[in-house]
Amino acid sequence: MKRRKNSIYLPFQSHPPHHHQPHLGSNPLKYAFIRHAKAAEGEASAAATELSFWPNRRARISLVSQVVANGSSSRTRNKIHSSEFALTQRKRINTNPHHELQRSHLENQSKMDSTEFRKRGMEMVEYICNYLETLNERRVTPSVEPGYLRHLLPTEAPQEPEDWDQIMSDVEDKIMPGVTHWQHPRFHAYFPAGNSFPSILGDMLGDGIGCIGFSWAASPACTELETIVLDWLGKAIGLPDHFLALKEGSTGGGVIQTSASECVLVTMLAARAQALKRLKAQHPFVEEGHLLSKLMAYCSKEAHSCVEKAAMICFVKLRILEPDEDASLRGQTIYEAMEEDELQGLVPFFVSTTLGTTGSCAFDNLPEIGKQLQRFPGVWLHVDAAYAGNSFICPELKPLLKGIEFADSFNTNPNKWLLTNFDCSTLWVRDRIRLTSALVVDPLYLKHGYSDAAIDYRHWGVPLSRRFRSLKLWFVLRSYGISGLQHYIRHHIKLAKRFEELVLKDKRFEICNQVKLGLVCFRLKGSDKLNEKLLSIINESGKLHMVPASVGDRYIIRFCAVAQNATAEDIDYAWDIIVDFANELLEKEQHDELSEIMNRKKQDTLAQKRSFFVRMVSDPKIYNPAINKAGTPKLSMELPSPVVSRGSAPIIRTQSSVDHNSWISWPLAFLFNSNNEEKGSNVSLRFRHLDTHVRASSSRRNSGAGSSPSPENELDNVNGQQQQLELRSPRRSPMVVRKSSATRDNLN
């Protein structure tokens, strides 16, 4: 180790602490401090204290040697070293011509040194514990709108350091109101978000170490622990030996990726590289772009959307196949699709299957698919078991893994159901050379002398830099043991079964999946819209949080046991909330349905009235008994001209047999007539669509003749009073005018 100038390194501590000790100078309290140290620690501790004021470096070294030889506590040794380091730092600053600038730089650094970090670290641990213990007092989902935080925080970063207490106050006041609490006992959406204290501590240690383990040389422990831990977990799950890196004769191995999406992507990239290599050997003169356009990947309709995204990134075609009635992809379906595509000149190269689909936790028929793929050499079979794969550590659930011997790769997410914090998605491959050959980029600055003998995980994925993620998985596996993790998984399955029983007891609901693990899919018997309303009002209440899915083209609601310490009481509470909202919704739906029936009846009645009015306008006999009593007037076979010319104004005539002063049919004229028998109420009307004036007679009916009046009798009056009628307002209602005239007559 290279020693710094003007400093010493003691044999019991290889690195000095990175904090600045204040300069005591000729402080008069110096000797009082020395006497106190002698009383507390003895002569050795006092010597360590006096070391920081010793003027000669050789003498200081001699004093240190004496202290070490005589024996001392670790506290005393640390004090010696801290004193020496502080003296060295003071000497550097005082002898440097730019010491004032260095002092300013040290003062402007963050106030959090190791002492402050210990204090704040304990406070943070306490805050996390209180947060997890009081989660049930918080609303499970936030009641905020997009952009809420932008209005609470400054538009720029602070120029000067801020107080830590104020930072933590803002966490509670501004950050927490916008957090969805995934560890909440009322959170039943998606799948579990793994979390446990051992995992948190593992992440803390990894962050403290801060290594970037892209190769063995970059951090040997980071690489080797990941290899060992992945073999541990692979054996616990029940993977074949060819997936284990340390098994004799194996060419496979495991790696930790960010998520299942990255696992699917890198395996598809590897499969594509192998397919292009094979096609290029068969067709050496064909461009790779043309060969790429022939590649076809396959997955189920129930597969995760990451498969489709991976196909987009890889620039390959993806054929999405229909599963059976249990949402399971079958071998015959795969075979028929691949055979059909080969006849069309396409090249099948990748199949993604799922054990535990996101929508309903369904399982593709892996044994059938694996056997059918034996007819298509070179096709990569990937198994995505992001959620369900963790449960295979339980012996009674290992039959769900049947057919894994046909797979080329397998992934599961301990950050879902093995109490490990995100991110931690584990991937195993049968042949690691097929994987790494598609992703190797080996510049000179990344090479090292052990490249041929060690694993470099930078070749196993997309990113170069890698965190020390194996630490937290190692902590979890050792803290809980396989038996503890098995108990945790079985408990969640038991809770899911309890919820299934509650749903089945209520005949208004139905179960929509086979409940094998911790996910239950259910719905109200009724329309998709009804179930959508139910889920919406539940989530808006903040009392529960669930998400929907589409299974078999039906809208279903997903309920998953998520919280680490979930209890049967939590399940019962959730069901009570669901039932309460369902009762309220169904009552409202019944009321709305009744209102809809009444409104429909009103509309039908109104339509009937309108229809009657139209028929009444067309046939006056419907409402006028006098017409029916007198009989229908006989019409002359001689049809007169519809237009009569008298003077300069043409008059339109509608019927030759009509005597009344109206061009319209009988019913409207009847409505315009007065109820009394007064004959002096004449009303002028303006019909805008005819742009002419007519007069309605006050005669209610011609009961003697039994025939309708004709406008011909009033032609002279119309011509004679045309100028006077045009001066009258066309906007006044004829009924109002008629009633006003009748009132004046009564007064007279």
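Residues numbered from 1 in each chain as written. Predicted model: local features only at pLDDT ≥ 70, side-chain atom pairs only at ≥ 80, totals over all residues. Heavy atoms only, no water.

Within an unreviewed UniProt entry, the label attached to the protein reads Tyrosine decarboxylase, and the organism entered is Drosophila gunungcola. Per its UniProt entry, the protein bears the Cofactor (unreviewed entry) comment "pyridoxal 5'-phosphate". The annotation that UniProt attaches to the protein under Sequence similarities (unreviewed entry) is "Belongs to the group II decarboxylase family." (UniProt positions renumbered as here; feature names shortened; annotations may be inferred.)

> So what exactly am I meant to see when it comes to the overall build of the protein here?
Helix and strand counts for the protein stand at 24 helices and 15 strands. Expressed as a percentage of its 748 residues, the buried residues of the protein come to 42%. At a minimum sequence separation of 6, the contacts of the protein that also span at least 24 residues come to 71%. (Helix = DSSP H or I, 4+ residues; strand = E, 2+ residues; numbered from the N terminus. Buried < 20%, exposed > 50% of the residue type's maximum accessible area, 1.4 Å probe, protein only. Contact = heavy atoms within 4.5 Å.)

> Hey, could you run me through the packing of aromatic side chains in this one?
Geometry of an aromatic ring pair is reported as the spacing of the ring centres plus the angle between the planes. Counted by the stated rule, this structure contains 16 aromatic pairs. Taken together, a centroid distance of 5.3 Å and an interplanar angle of 65 degrees make the contact between Tyr 457 and Trp 460 edge-to-face. The pair Tyr 457 / Trp 460 is uniform in exposure class, with both members buried. Members of the aromatic cluster, joined through ring pairs, are Phe 499, Phe 509, Phe 522, Phe 559 and Trp 575. Taking NZ or CZ as reference, Arg 186 lies 4.0 Å from the ring centre of Tyr 573, over its face. A cation over an aromatic ring shows up here: Arg 558 above the ring of Phe 191, its NZ or CZ 5.0 Å from the ring centre. (Phe/Tyr/Trp six-rings, centres within 6.5 Å; stacked < 30°, edge-to-face > 60°. Lys NZ or Arg CZ within 6 Å of the ring centre and 35° of its normal.)

> Even after reading the chapter, I still don't get the layout of surface pockets, so can you show me in this structure?
Regions of empty space are outlined by a rolling probe, equal in size to a water molecule, passed over the atoms. What the largest pocket holds in volume is close to 860 Å³. In terms of lining residues, the largest pocket is bounded by 37 residues, among which Trp 182, Gln 183, Ala 193, Gly 194 and Phe 422 are the most central. Among the secondary structure elements, those contributing two or more residues to the lining of the largest pocket are helix H6 (114-133), helix H10 (260-282) and helix H15 (414-417). Take the lining of the largest pocket: its biggest share by element is five residues, from H6. (1 Å grid on protein atoms, 1.4 Å probe; cavity = no way out; pocket = protein on both sides within 12 Å on 5 of 7 lines; lining within 4 Å. Points joined across faces, edges and corners; volume = space filled by probe spheres on them.)

> Is there a simple way to think about the pattern of salt bridges in this case?
Pairing is possible between side chains that carry opposite charge, provided their charged atoms lie close to one another. By the definition in use, this model includes 30 salt bridges. With a closest N to O distance of 2.8 Å, Asp 165 and Arg 120 form a salt bridge. Taken together, the positions of Asp 165 in helix H7 (residues 164-175) and Arg 120 in helix H6 put the pair 45 residues apart, joining distant regions of the chain. On the basis of relative accessible area, Asp 165 is assigned to the partly exposed category, the value being 44%. With relative accessibility at 8%, the residue Arg 120 sits in the buried group. Note that Arg 490 and Glu 396 form a salt bridge whose closest N and O atoms lie 2.8 Å from each other. With Arg 490 in helix H17 (residues 470-505) and Glu 396 in the loop between strand E5 (380-384) and strand E6 (409-412), this residue pair connects regions lying 94 residues apart in the sequence. Take Glu 396: its relative accessible area is 45%, and that puts it in the partly exposed class. If you follow the salt bridges from partner to partner, you end up with Asp 203, Asp 207, Asp 423, Arg 467, Arg 469 and Lys 472 in one network. (Salt bridge = Lys/Arg side-chain N within 4 Å of Asp/Glu carboxyl O.)

> Help me out: how do you make sense of a nonpolar patch on the surface in this one?
On the surface, a cluster of nonpolar side chains totalling about 260 Å² of accessible area is made up of Val 125, Leu 201 and Met 204. On the secondary structure map, Met 204 appears in helix H8 (residues 197-209). (Patch = residues over 30% accessible without salt bridge, like charges linked within 9 Å, V, L, I, M, F, W, Y side chains within 5 Å. Areas by Shrake-Rupley, 256 points an atom, 1.4 Å probe, with all protein chains shown as cover.)

> Teacher, can you tell me more about the side chain of Thr 227 here?
Relative to the helices and strands, Thr 227 is located in helix H9 (residues 220-237). A residue is classified by how much of its surface remains accessible, and Thr 227, at 8% relative accessible area, is buried. Those residues within four positions of Thr 227 in sequence are excluded, and the remaining contacts are Ala 245, Leu 246, Ile 455 and Tyr 457.

> Looking at this structure, how should I read a negative patch on the surface?
Where like charges cluster on the molecular surface, the negative patch consists of Asp 576, Asp 580, Glu 584 and Glu 587. A relative accessible area of 43% means that Asp 576 is categorised as partly exposed. (Lys, Arg positive; Asp, Glu negative; His and termini not counted. Charge placed at Lys NZ, Arg CZ, Asp CG, Glu CD.)

> Sorry if this is basic, but what is going on with the nonpolar core here?
A general tendency of soluble globular proteins is for nonpolar side chains to be buried together. Of all hydrophobic cores here, the largest spans 70 residues; its most connected members are Ile 237, Ile 334, Val 351, Phe 392, Phe 410 and Leu 517. It is H17 that contributes the most residues to this core, eight residues altogether. The contact partners of Leu 517, leaving out residues within four places of it in the chain, are Cys 361, Phe 363, Tyr 387, Ala 388, Ser 391, Leu 397, Leu 400, Trp 417, Ile 493 and Ala 496. (Core = buried A, V, L, I, M, F, W, Y, C linked by side-chain atoms within 4.5 Å.)

> What am I meant to see in the sheet that holds strand E1 (residues 253-257) here?
Where strands meet in a sheet, backbone hydrogen bonds hold them as pairs that are either parallel or antiparallel. In space, the seven strands of this open sheet follow the order E1-E7-E6-E5-E4-E2-E3, with mixed pairing throughout. At either margin of the open sheet sits one strand with a lone partner, and together these are E1 and strand E3 (317-321). Averaged over all pairs of adjacent strands, the angle between their axes in this sheet comes to 20 degrees, without regard to strand direction. Across five bridges, the pairing between strand E4 (residues 347-354) and E5 is parallel. Pairing of Phe 350 across the sheet is with Trp 380, part of E5. H10 rests against E1, strand E2 (295-300), E4, E5, E6 and strand E7 (425-429) of the sheet, and its axis sits at about 160 degrees to E4. (Pairing = 2+ DSSP bridges. Axes fitted to C-alpha atoms, helices over the stretch in contact; angles between N-to-C directions.)

> Looking at this structure, I do not really get the sheet that holds strand E9 (residues 519-524). What am I missing?
Here four strands make up an open sheet; going across it, the order is E8-E9-E11-E10 and the pairing antiparallel. Unpaired on one side and paired on the other, strand E8 (509-511) and strand E10 (547-551) mark the two borders of the sheet. Each strand of the sheet is rotated relative to its neighbour by a mean of 40 degrees, with strand direction disregarded. The pairing of E9 with strand E11 (residues 554-560) spans four bridges and is classified as antiparallel. Note on E11: the bridge partner recorded for Leu 519 is Cys 560. Relative to E9, H17 is tilted by about 15 degrees, and along the sheet it contacts E8, E9 and E11. Lying on the sheet, helix H18 (residues 528-541) is in contact with E8, E9, E10 and E11; it crosses E11 at an angle near 30 degrees.

> Before we go on, may I ask you to explain the UniProt feature "modified residue: N6-(pyridoxal phosphate)lysine" (unreviewed entry) in the protein in this structure?
Within the UniProt annotation, "modified residue: N6-(pyridoxal phosphate)lysine" (unreviewed entry) is assigned to Lys 416. In this structure, Lys 416 sits in helix H15.

> Got a minute to help me understand the environment of Leu 279 in this structure?
With respect to the secondary-structure elements, Leu 279 resides in helix H10. For Leu 279, a relative accessible area of 7% puts it in the buried group. Between the C-alpha atom of Leu 279 and that of Val 347, which follows or precedes it by 68 residues, the distance is 9.2 Å. If sequence neighbours within four positions are ignored, Leu 279 has contacts with Leu 291, Leu 295 and Val 347.

> Got a minute to help me understand the pairing of E9 in this structure?
Working note: regular strand, side chains alternate between the two faces of the sheet. Judged by how many residues are buried, E9 sits mostly within the fold: six of six residues are covered. Side chains of E9 alternate between two faces, with Leu 519, Cys 521 and Arg 523 and Val 520, Phe 522 and Leu 524 buried alike. Where E8 meets E9, three bridges bridge the pair, whose relative direction is antiparallel. Bridging across to E9, Phe 509 finds its partner in Leu 524.

> Looking at this structure, how should I read the packing of H8 against H17?
For any two helices packed against each other, one specifies the inter-axial angle together with the distance between the axes. Following both chains from N to C, one finds H8 and H17 inclined at 145 degrees, their axes separated by 8 Å at the closest point. Crossing of H8 over H17 shows right-handed handedness. Touching Pro 198, Ser 199, Leu 201, Gly 202, Asp 203, Leu 205, Gly 206 and Ile 209 of H8 are Leu 471, Lys 472, Phe 475, Val 476, Ser 479 and Tyr 480, all from H17. Of the residues assigned to the contact of H8 with H17, the class counts are eight nonpolar, four polar and two charged. (Left-handed = near helix turned anticlockwise from the far one by under 90°. Nonpolar A, V, L, I, M, F, W, Y, C, P; charged D, E, K, R; others polar.)

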